[in-house]
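Notes for the structure review
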Amino acid sequence: MNGKKVVIALGGNAILQPGQKGTFESQLENIKITAKQLVSLVERGYQLLITHGNGPQVGQILLQQKAAEKDGIPPMPLHACGSFTQGLLGYMIQQCLYNEIKKIGIKKPVVTVVTQVLVSKDDPAFKNPTKPIGPFYSEAHARKAMEEFGEIWKEDSGRGWRRVVASPEPKSIIEIEAIKTLLSQGAIVIASGGGGIPVVLDDNGQLIGVNAVIDKDLAAERMAEEIDADIFVILTDVPYVAINYKKPNQKNLTNITLTEIKKYFEEGHFKEGSMGPKVKAVMRFVENKKKTAVITSLDNALQAVEGTFGTVVSP
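Residues numbered from 1 in each chain as written. Predicted model: local features only at pLDDT ≥ 70, side-chain atom pairs only at ≥ 80, totals over all residues. Heavy atoms only, no water.

Counting 47 residues, the largest nonpolar core has Leu49, Ile179, Phe232 and Phe270 as the members making the most contacts within it. Residue contributions to this core peak at 6 residues, all from helix α8 (residues 276–289). Not counting residues up to four positions away in its chain, the partners in contact with Ile179 are Leu49, Val113, Ile173, Val189, Ala191, Met223 and Ile227. Core analysis: the second largest hydrophobic core is formed by 34 residues, Ala14, Leu48, Leu89 and Ile101 among them. (Core = buried A, V, L, I, M, F, W, Y, C linked by side-chain atoms within 4.5 Å. Buried < 20%, exposed > 50% of the residue type's maximum accessible area, 1.4 Å probe, protein only. Helix = DSSP H or I, 4+ residues; strand = E, 2+ residues; numbered from the N terminus. Contact = heavy atoms within 4.5 Å.)

Shown next as structure tokens:
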């Protein structure tokens with residue numbers, strides 16, 4: 001039992017595969033597979049703090065709310081929708097992990113912490129919303145929403161119009177002391193799903209939710225720093241980070257230093273909408289904590305934690 005603290009950031013493919021409709025049953029089946037991968041880490045005594053995405057699930061809730069509005073049912077704000085998904089996906093992950101751990105004869109509590117993440121109300125992201133959420137709509141629908149509700153919508157590459165919201169920087173994890181206590185007692189903790197619920201401090205020092213979306217990998221990195229994790233792992237749908245991605249001269253990055261990956265980042269190899277935030281999160285952890293971080297695919301979780309597979313970034 002090595003006791004090393006590992007933060008695992010699960011990509012969307014751990015919950016919902018491309019082309020799936022997103023039924024409860026299909027998502028649960030995907031999470032069962034994910035749980036089997038994570039149990040190999042539990043067997044070897046790693047302390048796990050797990051986080052996950054929630055984009056498709058929030059999109060579904062927004063669609064359900066639009067449909068329900070016709071019957072006079074009031075919609076919930078975006079930050080509340082984020083809390084819904086933390087509870088739903090946390091329940092599914094903790095149930096699957098509980099069942100898998102029980103199979104191998106280990107008794108260990110698994111718990112979800114509905115997590116608030118502090119952001120600055122002066123974050124420049126609030127003046128320049130860029131994060132698209134929900135499905136595509138017509139221009140007429142978008143303009144009506146902008147006029148009636150003060151929302152910001154943008155045309156998206158000829159595919160239609162989408163609502164955009166701010167994506168501020170995570171400053172601190174409000175429930176971090178509870179998370180640390182649970183980890184110290186041997187629990188597997190699921191926290192900050194979807195980047196956490198974004199909150200700000202008002203003029204009286206009170207927390208209030210704001211309609212924004214925090215990048216889940218940057219929030220995961222913030223948690224990794226605050227619990228003093230030994231390793232930070234992002235599990236996605238590719239085995240390696242690559243430069244010149246999908247070009248004839250594509251090169252997979254294996255063991256790489258912080259200086260080297262910074263150079264590739266500055267050269268623009270990693271797109272903002274895909275690998276960019278993941279690489280940024282990994283660089284931030286390695287630079288601030290002087291420890292290793294890894295990006296790889298879900299089925300290589302154990303090898304990633306042990307530093308033998310994936311894009312392993314070292315100080």
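Right, picking up where we left off after that structure.
With that out of the way, let us pick up the UniProt feature "domain: Aspartate/glutamate/uridylate kinase" (unreviewed entry) in the protein chain. Under the local residue numbering, the UniProt record ascribes the feature "domain: Aspartate/glutamate/uridylate kinase" (unreviewed entry) to residues 4–297. Secondary structure over residues 4–297 splits into 39% helix and 24% strand, and the C-alpha atoms at its two ends are 21 Å apart. (UniProt positions renumbered as here; feature names shortened; annotations may be inferred.)

We now examine the pairing of strand β10 (residues 197–201). The element β10 is largely enclosed, with a buried count of 4 among its 5 residues. With 3 bridges joining them, strand β4 (residues 116–118) and β10 adopt parallel strand pairing. Counterpart to Gln116 in the pairing with β10 is Ile197. Relative to strand β11 (residues 207–209), β10 is paired through 3 bridges, and the arrangement is antiparallel. Its bridge partner lying in β11, Leu201 is registered against Leu207. The antiparallel pairing of β10 with β11 creates a hairpin that spans 5 residues between the two strands, and Gly205 there sits at a positive phi of about 80°. (Pairing = 2+ DSSP bridges.)

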